[in-house]
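# Coordinate analysis (summary)
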Amino acid sequence: MGASAMLDNDRGHTRRDALKLTGGALAGLGLTGLASAGDADTVEVNVGYSAASGERAAKAEATGVVREFNFDALTIRVNENAIRGLSKRPDVRYVERNGTMHALDQQLTWGVDRVDAEVATANGDTGAGGDVAILDTGIDSDHPDLVDNLGAGRAFVKARGKFAEDWDDDNDHGTHCAGIADADDDSQGVRGVSTEATLHAVKVLDKRGSGSFSDIAAGVEYVADQGWDVGSMSLGASSGSQALKDACSYAEDRGVFLVAAAGNDGPCGDCVGYPAAYEECLAVSSSASDDSLSGFSSTGPEVELVAPGTDIYSTIPGGYDTFSGTSMATPHVAGAAGQLMANGYTNGEARSRLKNTAEDIGLASNEQGAGLLDAAAALGHDSTDD
Amino acid sequence: MPERDDPTAVLDASVTAIVEDGDVDLSFSVRNPSDEPIECSFRDGQRVEAVAERDDGAEVWRYGDDRMFSMALGAETIAPGGETTFDATWPDPEPGEYRIRMWLVATAADASAETRVSVA
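Residues numbered from 1 in each chain as written. Chains lettered and ligands numbered in written order. Predicted model: local features only at pLDDT ≥ 70, side-chain atom pairs only at ≥ 80, totals over all residues. Heavy atoms only, no water.

Attention now goes to the overall build of chain A. The helix and strand inventory of chain A stands at 11 helices and 16 strands. The 386 residues of chain A split such that 58% are buried. Contacts in chain A between residues far apart in sequence, at least 24 positions, make up 73% of those at least 6 positions apart. Surface exposure of chain A reaches about 14600 Å², of which carbon and sulfur atoms provide 44%. (Helix = DSSP H or I, 4+ residues; strand = E, 2+ residues; numbered from the N terminus. Buried < 20%, exposed > 50% of the residue type's maximum accessible area, 1.4 Å probe, protein only. Contact = heavy atoms within 4.5 Å. Areas by Shrake-Rupley, 256 points an atom, 1.4 Å probe, with all protein chains shown as cover.)

Structure follows, in structure tokens:
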């Protein structure tokens with residue numbers, strides 16, 4: 001589910017998964033998350049009845065009976081036009097669309113699974129005590145998968161619109177990256193690579209996903225001045241900025257682990273963008289679930305790790321969605337680095353450790369760097385049979 | 001997603017430039033003139049590029065040169081007859097007369113327009 005988006009993943013026209021579907025009022029449910037039976041006019045509904053005549057009426061309208069409960073209800077497939085009549089019957093207590101409740105079961109995304117983060121969690125590594133800053137479009141301040149991990153926020157570009165915080169996410173991108181790095185491990189939605197690190201929103205990109213060199217440099221400086229462990233930059237450009245490079249040096253000197261997206265100019269060679277190409281940053285390329293290089297991924301000698309980036313399901317404001325990009329690969333590394341630094345590694349030690357424990361997936365060195373991120377191995381756990 | 005025979009869809013476009021508080025605010029509108037939805041795909045958070053040129057053709061400013069973008073693939077669908085507007089700001093330009101060119105950076109969809117602006 002939720003993994004079909006290719007390029008079709010921007011705001012406004014993707015299939016999104018509703019955060020939760022409340023039962024009851026039919027009108028309160030959008031099209032999202034409905035279990036469609038294929039035919040556009042046929043929907044799946046749960047019908048509660050108060051008399052056998054209501055049950056018979058529902059079955060008479062049904063094109064298929066999916067389930068009959070031991071209590072007075074059944075799930076049927078029915079033509080949409082029949083719903084109104086059924087729901088008006090005095091012997092029918094309710095007709096509700098059978099929204100798929102998958103958002104309420106936490107799923108292990110292929111990316112988090114592939115880097116064996118769940119093995120690290122099972123061995124007690126959660127990132128607790130680590131501070132991971134997401135330099136991006138902001139983070140949804142009220143997302144149930146993130147709110148328990150949120151620390152401070154700071155906006156160098158203020159969110160446009162009605163938001164609780166000026167560092168709230170008015171795009172989707174930053175919240176998506178935050179969830180990959182560090183969505184909490186509970187019974188719903190998704191979990192991140194790290195699950196109990198503290199997430200900090202540093203909003204340096206605007207509603208459109210764009211930011212000035214100066215604002216991004218200010219964000220990096222801010223992360224350093226807060227003494228946070230990790231700065232995750234799912235952003236870039238083909239040309240650099242001396243001010244941003246200076247900011248990265250400043251942050252690295254103060255112990256910040258900086259990780260950045262290699263860029264989406266692929267297929268191409270020697271085309272890693274900035275700030276990823278700066279030596280202060282660990283550049284991350286992107287892989288797909290079959291361990292191939294993502295077609296869009298930039299490559300080059302600066303690439304140090306490859307991480308999952310194609311069709312990644314994660315948090316967005318008010319729900320979940322699937323995005324692709326080296327943007328998605330980057331926070332996988334940020335989450336793992338946060339765990340290492342929570343365990344006492346310095347930024348330089350974490351960088352070496354992540355590279356030394358990466359898994360060779362057989363790509364060229366300018367494509368995979370040292371290899372695929374292996375969070376479990378970096379944290380000293382055996383994941384060879386996972 | 002609708003299949004199109006023509007790999008590159010062409011959209012109508014227009015650009016306006018307004019000088020305000022010493023900046024040039026650009027507004028680039030694209031319109032789908034066809035009777036099919038047009039899907040504009042993007043490699044990253046950048047949607048448009050804009051340049052300012054002197055009359056001798058020398059480029060004095062390029063929007064994307066001063067900025068960075070989110071690195072997720074993106075797409076915007078423009079409905080038949082539908083219109084979408086993208087903004088960009090040229091901060092603090094030198095006084096002078098300029099030609100402004102602006103275009104969509106989508107793959108498989110083209111839209112471009114130009115205008116002139118006088119900065120006092």
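Once that is clear, we can look at the domain arrangement of chain A. According to the domain assignment, chain A consists of domain 1 (42-97) and domain 2 (105-378). On a C-alpha basis, the centroid separation for the pair domain 1 of chain A and domain 2 of chain A is 47 Å. (Domains from an automatic or database assignment.)

A word on the pattern of salt bridges. Residue and element names in this part refer to chain A. Per the counting criterion, the structure on display carries 21 salt bridges over all chains. Residue arginine 351 is joined to glutamate 252 by a salt bridge in which the shortest nitrogen-to-oxygen separation is 3.9 Å. Here glutamate 252 lies in helix 7 (residues 242-253) and arginine 351 lies in helix 9 (residues 347-356), a separation of 99 residues in the sequence. (Salt bridge = Lys/Arg side-chain N within 4 Å of Asp/Glu carboxyl O.)

Attention now moves to the sheet that holds strand 2 (residues 42-49) of chain A. All names here are of chain A. In spatial order, the strands read 3-4-2-5; together these four strands make up an open sheet with antiparallel pairing. Each end of this open sheet is capped by a strand with a single partner; those strands are strand 3 (62-68) and strand 5 (92-97). The average angle at which neighbouring strand axes cross in this sheet is 30 degrees, direction not considered. As paired strands, strand 2 and strand 4 (residues 73-79) are joined by seven bridges and run antiparallel to one another. Residue glycine 48 lies in a different strand from strand 4, and its bridge partner there is alanine 73. Docked against the sheet, helix 1 (residues 52-61) engages strand 2, strand 3, strand 4 and strand 5, running at close to 130 degrees with respect to strand 3. (Pairing = 2+ DSSP bridges. Axes fitted to C-alpha atoms, helices over the stretch in contact; angles between N-to-C directions.)

Residue and element names in this part refer to chain A. Spatially, the seven strands line up as an open sheet ordered 7-8-6-10-12-13-14, and their pairing is parallel. In this open sheet, the two strands that pair with only one neighbour each are strand 7 (150-155) and strand 14 (303-308). Direction aside, the axes of adjacent strands within the sheet are offset by 25 degrees on average.

If a probe as big as a water molecule is rolled over the atoms, it shows which places are left empty. In this model, the largest pocket occupies a volume close to 970 Å³. Around the largest pocket, the lining is made up of 43 residues, and of these Asp206(A), Lys207(A), Arg208(A), Gly209(A) and Ser210(A) lie nearest the centre. Contributions of two or more residues to the lining of the largest pocket are made by strand 9 (210-212) of chain A together with strand 7 (67-70), strand 8 (74-78) and strand 9 (83-90) of chain B. Of all the elements, strand 9 of chain B adds the most residues to the lining of the largest pocket, at six residues. Class assignment for the residues of the lining of the largest pocket results in 12 nonpolar, 16 polar and 15 charged. Together, 21 residues line the second largest pocket, and Ser238(A), Asp265(A), Asp44(B), Gln46(B) and Phe69(B) are the ones closest to its centre. When the residues that make up the lining of the second largest pocket are grouped by side-chain class, the tally is seven nonpolar, nine polar and five charged. (1 Å grid on protein atoms, 1.4 Å probe; cavity = no way out; pocket = protein on both sides within 12 Å on 5 of 7 lines; lining within 4 Å. Points joined across faces, edges and corners; volume = space filled by probe spheres on them. Nonpolar A, V, L, I, M, F, W, Y, C, P; charged D, E, K, R; others polar.)

The next subject is helix 9 of chain A. An α-helix turns once every 3.6 residues. As a result, residues three or four positions apart point the same way. Residue and element names in this part refer to chain A. Of the residues making up helix 9, those classed as buried are Asn347, Ala350, Arg351 and Leu354. With its buried residues spanning 100 degrees around the axis, helix 9 presents them on a single face. Considering only its buried residues, helix 9 is in contact with helix 7, strand 12 (257-261), strand 13 (281-287), strand 14, helix 8 (326-342) and helix 11 (375-378). (Arc of directions from axis to C-beta.)

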